[in-house]
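# A look at the structure
Listed below are the residues making up each chain.
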Amino acid sequence: MANPQINISSLTFDDIKTSLKAYLNNPTLNPQFVGYNFDASALNTLLDIFSYNTLFYSFYSNMIANETFLSTASLESSIVSLVKPLGYLVPGKSSAKIQLNVSSASGSVTVNPYSSVFTGFSPSGNSYLFYPIEGITVSSQTNLSIYEAKSVVNNLQVTVDITEQKVFLGNTNVDINTLTLKVNGVTWTKYNTFQSNPGSEGTVYFLDRTSSGFYVIFGKKTINDYQTTFGKTIAETDVVTVSYLIPSGADANNINSVTNTNLVISSVTPSIGGADGADLDLVKFFAPKMFAANDRAVTRDDYYGVLFNSGVLPANITNINQINVWGGEDADPPVYGRVFVSFSDQTLTKTTPSVLKCIQFLKNKSVVTVIPEYVQSQIIKVSLTIRLTTVSGLPDIGSNVLTYVNAMYNTNKIFNNNINANDIKQKLLNAYPSNIRSVIVEPSKISLLVSASAASKNVYFRNEFIAPQIYSLSGTALFSDIFSYNGQNIRFKDNPTKFDENNYALEGELLGIIDQTTTSVGIIGYINYTLGYITINPGVLPISSTLYFNAFLKYPDNITIKNESVLIVDTIVISQST
Amino acid sequence: MSTTIKFTDIDFFLTKNDLTNDVNIMYNANAISQSIKNIILTTQKEKLFSPFFGGNAYDLLFTSPSPLDIASKQSLFAAAVRNHEPRANVQSIDITDSGEGHWLITVLYRTIYSQTNPFNSQQTVRIAL
């Protein structure tokens, strides 16, 4: 009798044991023992040991294979090691950061790096200490960034291993973004992996991550030229000092109350950016992109990688979905020679200091003739009605559904989101399988908050409007909130004027309609139904005001937005039980 | 009457057979008896991937169980043997106090290892704790 085929592809304990039993079941191979198939027999115990041993080694082999490749590695130590050849340094803990607007209580006040203490109080009453990492003198209103730390190392003199030209910082909790290194009182800069050879006099240092801390490494001799060093070396007489913060991590986020004895603090942005360690998924995502881009911004992905490694992102932009980058050719209307960047926080404008820093940073990295430009994000609100039929006798889940949908769209505002009625319906059915009999999701109008402008203004909804037919002009695709124009309270309403061969509206006028009546005060703008935008004539909107425009879409069940638009939902849940 | 060798197993203690220079082999009732002893003396969750295997006999050591506890243990032993040793048909299980917290467990069972005369063999396993 031929040998039975051994199944080596099933690697659970039971499968391995079954495979061994099948092998022993062959009387030619095993003429003597028949007790292997009884749970408590000694032979069965041996089979258990063999199966466990096989399982152990198959798991071990699987882990080795997984941890060898960046895309499947899961251990931090493996990822740290795998991204080293890509020139990517995995950070440790990150300090929560607060941006303050401060002025002096009297005269001018000197803020010293790593030593001027600010006390922050969390909403639950815990106190945290914050420190600046750059020194400034405050005499008038000044912006200041401070970083949380539970311990501070300030101007600590360290001993350099002269032979190896390295110093070990034995703590993985060091926030390396707060590290300042001085040699003989002169600040040296961290070497950027992709910058050119700093030469033998370059005052740069290198950082290397290990599982127990960070190495600071100084000028090394290159392989090809023994006489030339890659950066300046440290001599025995040099005095090297380091300053850095060891943060509490994520616990120090969301602090919005800060005090300091010498300064008047006029505004505080809640602390953000504190993290207990590197987000390994982000590291896996960005390290190859950084390597591919070589610190140059050419492709769209390069911009994401360069921005995330820049260290100048606004503190509350921590996720890739909070950044959108698109080429000018994809803009409406196209603007060639530009690349647009937008952050999902709509309070960030072109003049926000951190945004200015980002754009300046990108200008140094982008291709000549391609100019990076920031576009303030705008919120598009989709009105959503969810009609639930629930199982009678079970608790009402209306508020749960509302929370669920809000969590999907409103909690973390991200780009490139879309609303698909069928998707939402399916997710609700999956989330509450025993409560919901049926569910109908009806997106209706979308609303856009528009800021007034003295000049002509285009407002893009980026979705095709519902287009009334020539024979049914009573319908409307767009209307606005009420505003004051020439002393009268009016609202916008569309008026189709140009039709296609099927008599569907293509373009139309925006009429000012006196509220509660149909009297028009004339044409004060235009609407394009197909491309989904409106043009408002100059001087119509009152200066320094905002106004909601509401539009009905041709395809409301699947709304996709792009570029600087961020999508949120305004949901009503109507629940009945049967 | 000749006895057919139906079940074989190796000795749990891996003792050496001086004639064959190999490990000693257990046959029929001996193989089954050591299997029953293994079941009763194993504590549940002790055996990897078989959390319900075992009789938890060591729970009895140095305790003073009530008659109800003894009855409960008897049924646990019987169920464990029934689930994991299909070759044995348990007739009775006695748990007797040997003094100073020690116990003697006696399992009386019938088994099928003779093709010609099924259930002809009544066997006893004694386990001292």
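Residues numbered from 1 in each chain as written. Chains lettered and ligands numbered in written order. Predicted model: local features only at pLDDT ≥ 70, side-chain atom pairs only at ≥ 80, totals over all residues. Heavy atoms only, no water.

Moving on, we get to the overall build of chain B. Secondary structure assignment for chain B yields two helices and seven strands. Starting at the N terminus and ending at the C terminus, chain B contains elements arranged as β-β-β-β-α-α-β-β-β. By residue count, 41% of the 129 residues in chain B fall in the buried class. Across chain B, the fraction of contacts at a sequence separation of at least 24, relative to all contacts at a separation of at least 6, is 38%. If you sum the accessible surface of chain B, you get close to 7,300 Å²; carbon and sulfur atoms cover 53% of it. (Helix = DSSP H or I, 4+ residues; strand = E, 2+ residues; numbered from the N terminus. Buried < 20%, exposed > 50% of the residue type's maximum accessible area, 1.4 Å probe, protein only. Contact = heavy atoms within 4.5 Å. Areas by Shrake-Rupley, 256 points an atom, 1.4 Å probe, with all protein chains shown as cover.)

All names here are of chain A. At a closest axis distance of 9 Å, the pairing of helix 1 (residues 13–24) and helix 2 (residues 42–68) adopts a crossing angle of 130°. Considering their axes alone, helix 1 and helix 2 lie oblique with respect to each other. Viewed along their axes, helix 1 and helix 2 form a crossing whose handedness is right-handed. Contacts between helix 1 and helix 2 involve Phe13, Ile16, Lys17, Leu20, Lys21 and Leu24 from the first element and Asn44, Leu47, Asp48, Phe50, Ser51, Tyr52, Thr54 and Leu55 from the second. (Axes fitted to C-alpha atoms, helices over the stretch in contact; angles between N-to-C directions. Parallel < 35°, antiparallel > 145°, perpendicular 65-115°, else oblique. Left-handed = near helix turned anticlockwise from the far one by under 90°.)

Where empty space is left can be seen by rolling a probe of water-molecule size over the atoms. Residue and element names in this part refer to chain A. Taken as a whole, the second largest pocket holds about 890 Å³ of empty space. Val375, Gln376, Gln378, Lys457 and Glu564 are, among the 28 residues lining the second largest pocket, the residues nearest its centre. Of all elements in the fold, only strand 20 (371–374), strand 21 (378–390), strand 23 (436–451) and strand 24 (457–460) reach the threshold of two or more residues within the lining of the second largest pocket. Taken together, the residues that form the lining of the second largest pocket break down as 13 nonpolar, nine polar and six charged. (1 Å grid on protein atoms, 1.4 Å probe; cavity = no way out; pocket = protein on both sides within 12 Å on 5 of 7 lines; lining within 4 Å. Points joined across faces, edges and corners; volume = space filled by probe spheres on them. Nonpolar A, V, L, I, M, F, W, Y, C, P; charged D, E, K, R; others polar.)

Quite often, the size of an interface is put as the accessible area lost when its parts meet. Across the boundary between the two partners, chain B contributes 19 residues, which contact 17 residues of chain A. With both sides pooled, the region where chain B packs onto chain A buries about 1,500 Å², and carbon together with sulfur makes up 66% of that total. Looking at the side of chain B facing chain A, the largest losses of area belong to B:Thr8, B:Ile10 and B:Phe49, adding up to 34% of the total buried there. The interface formed by chain B and chain A holds one salt bridge in total. The residue B:Lys47 makes a salt bridge to A:Asp48 at a minimum N-O spacing of 3.1 Å. At the junction of chain B with chain A, the criterion picks out six residue pairs in polar contact (both at pLDDT 80 or more). Among the secondary structure elements, those contributing two or more residues to the side of chain B that touches chain A are strand 1 (8–10) and helix 1 (28–41) of chain B. (Buried area = accessible area lost by both parts, 1.4 Å probe. Salt bridge = Lys/Arg side-chain N within 4 Å of Asp/Glu carboxyl O. Polar contact = N/O pair within 3.5 Å; in protein donor to acceptor, adjacent residues only side chain to side chain.)

Inspection of the secondary structure assignment puts A:Asn503 in the loop between strand 27 (488–499) and strand 28 (505–514). On a C-alpha basis, the gap between A:Asn503 and A:Pro468 in space is 8.6 Å, while along the polypeptide they are 35 residues apart.

So, on to the packing of helix 1 of chain B against helix 2 (residues 67–84) of chain B. Residues and elements named next belong to chain B. For the pair helix 1 and helix 2, the least separation of the axes is 10 Å and the interaxial angle reads 125°. Here helix 1 lies oblique to helix 2, going by the angle between them. Seen from above, helix 1 lies across helix 2 with right-handed handedness. Residues Ile36, Ile39 and Ile40 of helix 1 form the contact with helix 2, whose participating residues are Phe77, Ala80, Val81 and His84.

What follows deals with the side chain of B:Asn56. Considering the arrangement of structural elements, one finds B:Asn56 in the loop between helix 1 and helix 2. Setting aside chain neighbours within four positions, we find B:Asn56 in contact with B:Ile40, B:Thr42, B:Thr43, B:Gln44, B:Lys73 and B:Leu76.

We now examine the pairing of strand 15 (residues 240–246) of chain A. Side-chain direction in a regular strand flips from residue to residue, so the side chains alternate between the two faces of the sheet. Of all seven residues in strand 15 of chain A, seven are buried; the element is thus mostly enclosed. Side chains of strand 15 of chain A alternate between two faces, with A:Val240, A:Val242, A:Tyr244 and A:Ile246 and A:Thr241, A:Ser243 and A:Leu245 buried alike.

Attention now goes to helix 6 (residues 353–365) of chain A. Residues and elements named next belong to chain A. The terminal C-alpha atoms of helix 6 lie 19 Å apart, and with 13 residues this matches the ideal 18 Å at 1.5 Å per residue to within 8%. Buried within helix 6 we find Ser354, Val355, Cys358, Ile359, Leu362 and Lys365. Relative to the axis of helix 6, the buried residues are bounded by an arc of 140° and lie together on one face. Structural note: helix 6 exposes Lys357 and Asn364 on the side pointing more than 90 degrees away from its buried face. (Expected span 1.5 Å × (residues − 1). Arc of directions from axis to C-beta.)

So, about the sheet that holds strand 18 (residues 323–327) of chain A. Residues and elements named next belong to chain A. Sheet architecture is open: three strands sit in the order 18-19-20, paired in mixed fashion. Edge positions in the sheet fall to strand 18 and strand 20, since each of these pairs with one other strand and no more. Shown here is a sheet whose adjacent strand axes are inclined to one another by a mean of 25°, direction ignored. Of the strands in this sheet, strand 18 and strand 19 (338–343) touch helix 5 (residues 300–310), which is tilted by about 145° from strand 18. Contacts from helix 6 reach strand 19 and strand 20, with the element oriented near 165° to strand 20. (Pairing = 2+ DSSP bridges.)

This part takes up the environment of A:Leu388. Residue and element names in this part refer to chain A. For leucine 388, the location among the structural elements is in strand 21. Among the residues examined, leucine 388 registers a relative accessible area of 1% and is labelled buried. Spatially, the C-alpha atom of leucine 388 lies 6.2 Å from that of glutamine 576, the residues being 188 residues apart in sequence. Sequence-distant contacts of leucine 388, defined by excluding residues within four places in its chain, comprise Ile397, Gly398, Val401, Ile436, Ser438, Val439, Val573, Ile574, Ser575 and Gln576.

Turning our eyes to something else, we now look at helix 8 (residues 421–431) of chain A. Three or four residues apart is the spacing at which side chains of an α-helix point the same way, because the helix has 3.6 residues per turn. All names here are of chain A. Burial in helix 8 covers these residues: Ala421, Ile424 and Leu428. Along the axis of helix 8, the buried positions cluster into a sector of 65°, meaning they face one direction only. The exposed set on the far side of helix 8, more than 90 degrees from its buried face, consists of Asn422 and Asn430. Structurally, helix 8 contributes buried residues whose contacts are with strand 21, helix 7 (398–409), strand 22 (418–420) and strand 23. The N-cap residue of helix 8 is asparagine 420: its side-chain oxygen and the backbone nitrogen of asparagine 422 are 2.9 Å apart.

The grouping of A:Tyr52, A:Phe56, A:Tyr57, A:Tyr60, A:Ile64, B:Leu48 and B:Phe49 at the surface amounts to a nonpolar patch, some 740 Å² of accessible area in total. Position of B:Phe49 among the secondary structure elements: in the loop between helix 1 and helix 2. Since its relative accessible area comes to 43%, B:Phe49 is described here as partly exposed. (Patch = residues over 30% accessible without salt bridge, like charges linked within 9 Å, V, L, I, M, F, W, Y side chains within 5 Å.)

Worth remembering: the numbers are spatial, not functional.
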